Amino acid sequence: MVMDHPTIHKPTSFPVAPNLGDWATSRENFDWSSIEGEIDFLPDGRLNVAYEAIDRHVAKGNGAKVAMHWEGKNGEKESYTYDDMRRQTNKFSNVLEGLGVENGERVFTFMERLPEIYFTFFGTLKAGCVIGPLFSAFGPDPVKDRMEASGATVLVTQPELRNKIADILPLLPDLKHIIVVNKGGRSSAPLAEGDLSFEELMAAASDADASLDTTRDSYSVMHFTSGTTGKPKGAVHRHNSVIQQYATGKWALDLHPDDIYWCTADPGWVTGTSYGMIAPWTNGVTQIIYEGGFSARKWYQILQDYNVTVWYTAPTAIRMLMKSGVELPKTFNTPNLRFMASVGEPLNPEGVIWGQEAFGLPFHDNWWQTETGAIMIANYNSMDIKPGSMGRPIPGIEAGIIDADGNPVPDGENGILAARPGWPSMFQVYWNDQERYDSRFKNGWYLTGDEAVRDSDGYFWFVGRSDDVINTAGHLVGPFEVESALLEHPAVAEAGVIGKPDPIAMEVVKAFVSLKDGYEASDELRRELMGFARKKLAAAVAPREIEIVDSLPKTRSGKIMRRLLKARELGLPEGDTSTLEDD
Ligand code: ATP
Ligand code: MG
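It should be emphasised that the depicted structure is a prediction, and the values quoted were computed from it without experimental measurement.

Enquirer: Explain the environment of G230 here, please?
Expert: By the element assignment, G230 lies in the loop between strand 8 (219–224) and strand 9 (234–238). Classification of G230 as buried rests on a relative accessible area of 18%.

Okay, structure coming up:
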């Protein structure tokens, strides 16, 4: 645990009263049915994510409110009200029906962050089909693997991405329809034979209400995991997830209807759908969608131009922003920004504190994973933050730290992070892999694959992925602790720590670090970093070796792939690299 940073006390006053009050009180006697009352179930026991996110706001008279401000990568701007979203998603649902696509069939998107991906997502859910969003930077093989595994019958894509994967499309026997979005006529090439034009289908489709023939248990979203620890798994969710996605949008992101919200995650990853679509829109906020990629200056510009109030991003982005300095954000005006949160990887204390220096607000870390479907552990708005901690479980969630036999370990001791099954957004299957699904449960717990510690105040502290924890001379060392210490050195931009086999100690700690702009790799700096880490960490934990590298291998969603650092170090096969970011 990296507990040597002072607690950041919750503010004495808030611009808007937080949705969640005292942690302990709000958990007492909590029952999910209390929050279910805020969701509008459909008649006959039906439940549909798209209806909850979009149509119900229209039904309540808020159809004219802007749901989405979209900014394209070429500076295009479009805005859609909740009623526009209702009509576009009805149309897409009717397109699927017209094509004879049936309940339960898998519809995949391979698209950039265009408004059409949002219409397709919810239109598919309205039609009772399962939506599988693929990240647009994938090459042909990862697309083929995922579409083949899922038996997808429909692909919605755009011209340049269709070209990229042209060779694999004939190899997918289940694929019946390829629908191509030609945004703003960006492409002048004719459609390939047999392809359908999204624009033509939508123009011809009725915007009459869709059937919404789904229940709590109908499958909804299929997301492949990030591939950080191995071959990505296809986790399938059900419409019931909306309950927790709504609740956590409200509690953990503190969304209020008047918020202008920006989630920087791509819909190709679970954060981009659970919190880039479902949570914000079920909470009735206005969302910003930016099609372009990362640029510190542009991101600050977006926060300023759209007057963003709540911002949800990831440690990798925060580290890149930190790299460009604390002065740059201060040259922008973001007076209404009131809450910032982070997910996806451990957020180093440095990141939390940097938020305060740059914006006067700490980043609030929260923890969840593709399989959990929604936030499980969080630092809420109304909670004191211990920098380096993931926070505490939300109401209705029982999280625990257990040993290999599934028995709880005492507070303060490392163990497996686990959750009691039964939370509303729990995944239902790994597609076609029941054995793997079953292997994730033990002694009444769901095993997350992460290791953590709980302190006596109930805060959870991430130690590392179970696979990444290092055993050095009998000490169990979490990479996060070592990486966080290295990150406190002014020269270090990123750090990845592995256990390197050693004949005496079993493993020794080895760190790979990349440097901030303006620093040069040298033996002297390397030695300085060794000394720095030794001062911060116990001798057993401090890295025995440090290697300065240009960059660390990361997933396309920005997570450090320690398994690749290790495989490369040991000259072993790299395993599945389908989600590895290009250099
Ligand atoms: P794969 O399962 O394919 O190896 P992945 O686990 O990275 O990939 P995701 O479901 O996208 O796939 O990520 C969830 C994981 O990300 C968590 O299990 C955890 O290891 C890490 N994570 C997410 N949020 C946090 C956080 N706040 N602190 C620490 N780790 C986090
Ligand atoms: Mg995982």
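Enquirer: Looking at this structure, how should I read the pattern of salt bridges?
Expert: Pairs can form between side chains of opposite charge whenever their charged atoms are close. Evaluation of the coordinates by the stated rule reveals 46 salt bridges. Residue D195 pairs with R162 through a salt bridge whose shortest N-O separation is 2.4 Å. Of the two residues, D195 is situated in the loop between strand 6 (177–180) and strand 7 (196–197) and R162 in helix 7 (residues 159–164); the sequence distance between them amounts to 33 residues. In this structure, K566 and E507 form a salt bridge, with 3.1 Å as the shortest nitrogen-oxygen distance. A residue pair is termed long-range when its members are at least 10 positions apart, and K566 in helix 17 (residues 562–570) and E507 in strand 26 (residues 506–515) qualify at 59 residues. In this structure K566 comes out as partly exposed when scored by relative accessible area, which is 27%. Assessed through its relative accessible area of 13%, E507 is described here as buried.

Enquirer: Even after reading the chapter, I still don't get the domain arrangement of the chain, so can you show me in this structure?
Expert: Interface size, as often reported, equals the accessible area lost upon joining of the parts. Split into domains, the chain comes out as domain 1 (23–451) and domain 2 (470–570). Spacing between the C-alpha centres of domain 1 and domain 2 amounts to 32 Å. Facing the 21 residues of domain 1 at the interface are 21 residues of domain 2. For the pairing of domain 1 and domain 2, the buried interface totals around 1,800 Å² over both sides, and the portion due to carbon and sulfur atoms is 56%. When the area that domain 1 buries against domain 2 is broken down by residue, the three leading residues are T228, R319 and K323, summing to 28%. Where domain 1 meets domain 2, there are one salt bridge. The partner of E494 in a salt bridge is R319, with the nearest N and O atoms 3.1 Å apart. The interface formed by domain 1 and domain 2 contains eight residue pairs in polar contact (both at pLDDT 80 or more). Within the residue set of the side of domain 1 that touches domain 2, elements represented by two or more residues are helix 12 (315–323) and helix 13 (349–359). The element best represented in the side of domain 1 that touches domain 2 is helix 12, accounting for three residues. Looking at the side of domain 1 that touches domain 2 residue by residue, the classes come out as seven nonpolar, ten polar and four charged.

Enquirer: What am I meant to see in helix 13 here?
Expert: For an α-helix the count is 3.6 residues per turn, leaving residues at separations of three or four pointing the same way. All of the buried residues along helix 13 are P349, G351, V352, W354, G355, A358 and F359. Close packing links the buried residues of helix 13 with helix 11 (296–305), strand 12 (310–313), helix 12, strand 13 (339–342), strand 14 (363–367) and helix 15 (479–487). Phi turns positive one or two residues past the end of helix 13, at G360, with a value near 75°.

What counts and how
Residues numbered from 1 in each chain as written. Chains lettered and ligands numbered in written order. Predicted model: local features only at pLDDT ≥ 70, side-chain atom pairs only at ≥ 80, totals over all residues. Heavy atoms only, no water. Helix = DSSP H or I, 4+ residues; strand = E, 2+ residues; numbered from the N terminus. Buried < 20%, exposed > 50% of the residue type's maximum accessible area, 1.4 Å probe, protein only. Salt bridge = Lys/Arg side-chain N within 4 Å of Asp/Glu carboxyl O. Domains from an automatic or database assignment. Contact = heavy atoms within 4.5 Å. Buried area = accessible area lost by both parts, 1.4 Å probe. Polar contact = N/O pair within 3.5 Å; in protein donor to acceptor, adjacent residues only side chain to side chain. Nonpolar A, V, L, I, M, F, W, Y, C, P; charged D, E, K, R; others polar.

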